[in-house]
Amino acid sequence: MLYFNSDYMEGAHPLILKRLHDINFDKNVGYGLDPYCESARKKIREACQAPDAEVHFLVGGTQTNMLVIDAMCRFNDGVIAANTGHINVHESGAIESCGHKVIAVDEVDGKINIPALEQYLVAFYKETSEVGIEHYVMPRAIYISTPTELGTIYSLAELEQLRAICDTYGLYLYIDGARMGYGLAADTDVSLPDIARLADAFYIGGTKVGALFGEAVVITNPDITFTRGLIKHRGAMVAKGWLLGVQFDTLFTDDLYLRISRNAVSQAMRIKQALENKGYKAFVDSPTNQQFYVVDNATLERLQQHVNYSYISPADDGHSLVRFCTSWATTDEQVEALLALL
């Protein structure tokens, strides 16, 4: 059976497993205060060209989004996201559980529709000035993911537009980077230092990009009080924090994070080209490791005997929207077997 369901189906890169094995009997202080975490923080700051950034290591993406947004927002604050955004669709109300409403706006190909965002903000502040601001959930941050849930990526110009909007309205810009490696490895004009320069906070995903588990939170705006106390209060502080630190220390040694990300993107491009050559219709033009296509149900019925993919929704009476997702560990042989079946 072939598996193209997701990008977290494998364990971890062999170099990470080797390092975990090598340090297994070492004695380390806990809670992220060990030398491996400190080394990883230093390397991440260097890669981001952000020497003053705070770097924290957490276990998973939902936990990370909840904590960062909670740190940004006051008791009556909310966060703006695309209506397809992960925090609005697939996080089981985690943000709302902290008392912060997700304010959904229209999207285009998974990205926030910037004119719709501007229209919402203009209308919001006009209405609150007339009625009284104390009656409303106040937008405090803009949440985006890049790559998005549809595999698309924000251009540098789009990120700069969002930064300008945040500056105009006094909002934070927060970037969910669960698949950040795959976005940086794609055909893009955005670099990691660009993200660090334009975002107030973001995270570098490890769970989907070569780590056993873990996300690296980077806080570039000192006004955000993302404290160790908050991490502990929310049950997110890992006693054996060095298990996270050594993974990111490895990923940010010798450009490993980007090198393995490129494999996922190149394999996805092979699948994308083959699907286009065979006449399948793309749902969105994704340059990253997630490929969304409309496929006839007869072909899907045949494929499912041999291939696991993500079923998204019906497209029409005879077709369905599905996703094929590659990872850092996808091999040439796996892709060739899929293409043969197609």
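Structural data are supplied above this passage.
Keep in mind the model is a prediction, meaning the values are calculated, not measured. (Residues numbered from 1 in each chain as written. Predicted model: local features only at pLDDT ≥ 70, side-chain atom pairs only at ≥ 80, totals over all residues. Heavy atoms only, no water.)

Chemist: Explanation requested: the overall build of the chain in the structure shown.
Modeler: Helix and strand counts for the chain stand at 14 helices and 15 strands. For 342 residues, the compact-globule estimate of 2.2 N^0.38 gives 20 Å, and the C-alpha radius of gyration of the chain, at 21 Å, lies within 12% of that figure. With respect to the principal axes defined by its C-alpha atoms, the chain has extents near 60 × 60 × 35 Å. Taking all 342 residues of the chain together, the buried fraction comes to 55%. Pairs at least 24 residues apart make up 72% of the contacts formed inside the chain by residues separated by at least 6 positions. Accessible surface, the chain as shown: approximately 14900 Å² in total, 52% of it carbon and sulfur. (Helix = DSSP H or I, 4+ residues; strand = E, 2+ residues; numbered from the N terminus. Rg over C-alpha atoms; globule rule 2.2 N^0.38 Å. Buried < 20%, exposed > 50% of the residue type's maximum accessible area, 1.4 Å probe, protein only. Contact = heavy atoms within 4.5 Å. Areas by Shrake-Rupley, 256 points an atom, 1.4 Å probe, with all protein chains shown as cover.)

Chemist: It is not clear to me how the packing of helix 1 (residues 14-22) against helix 11 (residues 242-251) should be interpreted in this structure. Could you clarify?
Modeler: How two helices pack is summed up by the angle between their axes together with the distance between the axes. Contact geometry for helix 1 and helix 11: axes closest at 9 Å, N-to-C directions at 135°. With respect to helix 11, the element helix 1 is oriented oblique. For the crossing formed where helix 1 meets helix 11, the hand is right-handed. From helix 1, Leu15, Ile16, Arg19 and Leu20 reach across to helix 11, where they touch Leu243, Val246, Gln247, Asp249, Thr250 and Leu251. Partitioning the contact of helix 1 with helix 11 into residue classes produces six nonpolar, two polar and two charged. (Axes fitted to C-alpha atoms, helices over the stretch in contact; angles between N-to-C directions. Parallel < 35°, antiparallel > 145°, perpendicular 65-115°, else oblique. Left-handed = near helix turned anticlockwise from the far one by under 90°. Nonpolar A, V, L, I, M, F, W, Y, C, P; charged D, E, K, R; others polar.)

Chemist: So what exactly am I meant to see when it comes to the pairing of strand 9 (residues 201-205) here?
Modeler: It is a general feature of regular strands that their side chains alternate between the two faces of the sheet. Along strand 9, five of the five residues are buried, which leaves the element largely enclosed by surrounding structure. Side chains Ala201, Tyr203 and Gly205 project from strand 9 onto one buried face, and the interleaved Phe202 and Ile204 project onto a second face that is buried too. Relative to strand 9, strand 8 (residues 172-176) is paired through two bridges, and the arrangement is parallel. Paired with isoleucine 175 across the strands is phenylalanine 202, a residue of strand 9. For strand 9 and strand 10 (residues 215-219), the ladder comprises five bridges, and the chain directions are antiparallel. Its bridge partner lying in strand 10, phenylalanine 202 is registered against valine 218. (Pairing = 2+ DSSP bridges.)

Chemist: Got a minute to help me understand the nonpolar core in this structure?
Modeler: Within soluble globular proteins, side chains that are nonpolar generally end up buried alongside one another. Among the nonpolar cores identified, the biggest contains 60 residues, and Ile44, Phe57, Ile142, Met180, Phe202, Ile204 and Leu251 are the most heavily contacted of them. The contacts of isoleucine 142, once residues within four sequence positions are left out, are Val79, Ile80, Ile112, Leu117, Ile165, Cys166, Leu171, Tyr172, Leu173 and Tyr174. Residues Ala81, Val217, Ile231 and Ala236 belong to the second largest nonpolar core, which totals 30 residues. (Core = buried A, V, L, I, M, F, W, Y, C linked by side-chain atoms within 4.5 Å.)

Chemist: Mind showing me how you'd approach the packing of aromatic side chains here?
Modeler: For any pair of aromatic rings, the description rests on two quantities: the centre-to-centre distance and the angle between the ring planes. As enumerated under the stated definition, the model contains eight aromatic pairs in all. Look at phenylalanine 252 and tyrosine 257: their rings are 5.3 Å apart centre to centre, the planes differ by 20°, and that puts the pair in the stacked class. Assigned by exposure class, phenylalanine 252 and tyrosine 257 land together as buried. Summarising the aromatic geometry, the rings of tyrosine 309 and phenylalanine 324 are spaced 6.0 Å apart at their centres and angled 55° between planes, so their arrangement reads as tilted. A residue pair is termed long-range when its members are at least 10 positions apart, and tyrosine 309 in the loop between strand 13 (307-308) and strand 14 (310-316) and phenylalanine 324 in strand 15 (residues 319-325) qualify at 15 residues. Judged by its relative accessible area of 14%, tyrosine 309 falls in the buried class. (Phe/Tyr/Trp six-rings, centres within 6.5 Å; stacked < 30°, edge-to-face > 60°.)

Chemist: Is there a simple way to explain a nonpolar patch on the surface in this structure?
Modeler: A cluster of nonpolar side chains, contributed by Met1, Tyr3 and Met9, occupies part of the molecular surface with about 340 Å² of accessible area. The topology assignment puts methionine 9 in the loop between strand 1 (2-3) and helix 1. (Patch = residues over 30% accessible without salt bridge, like charges linked within 9 Å, V, L, I, M, F, W, Y side chains within 5 Å. Salt bridge = Lys/Arg side-chain N within 4 Å of Asp/Glu carboxyl O.)

Chemist: Please clarify how the environment of leucine 251 should be interpreted in this entry.
Modeler: Along the chain, the position of leucine 251 falls in helix 11. On the accessibility criterion, leucine 251 (0% relative accessible area) is buried. Remark: the alpha-carbon pair of leucine 251 and isoleucine 44, spanning 207 residues in sequence, is separated by 9.6 Å. For leucine 251, the residues in contact, after removing those within four places along its chain, are Ile16, Val209, Ala211, Leu256, Tyr257 and Ile260.

Chemist: Would you explain the sheet that holds strand 14 in this entry?
Modeler: What the four strands build is an open sheet, ordered 11-12-15-14; its pairing is antiparallel. The open sheet has two edge strands with one neighbour each: strand 11 (281-282) and strand 14. Strand direction decides the pairing type here: strand 12 (residues 290-296) and strand 15, joined by seven bridges, are antiparallel. Bridging across to strand 15, aspartate 296 finds its partner in histidine 319.

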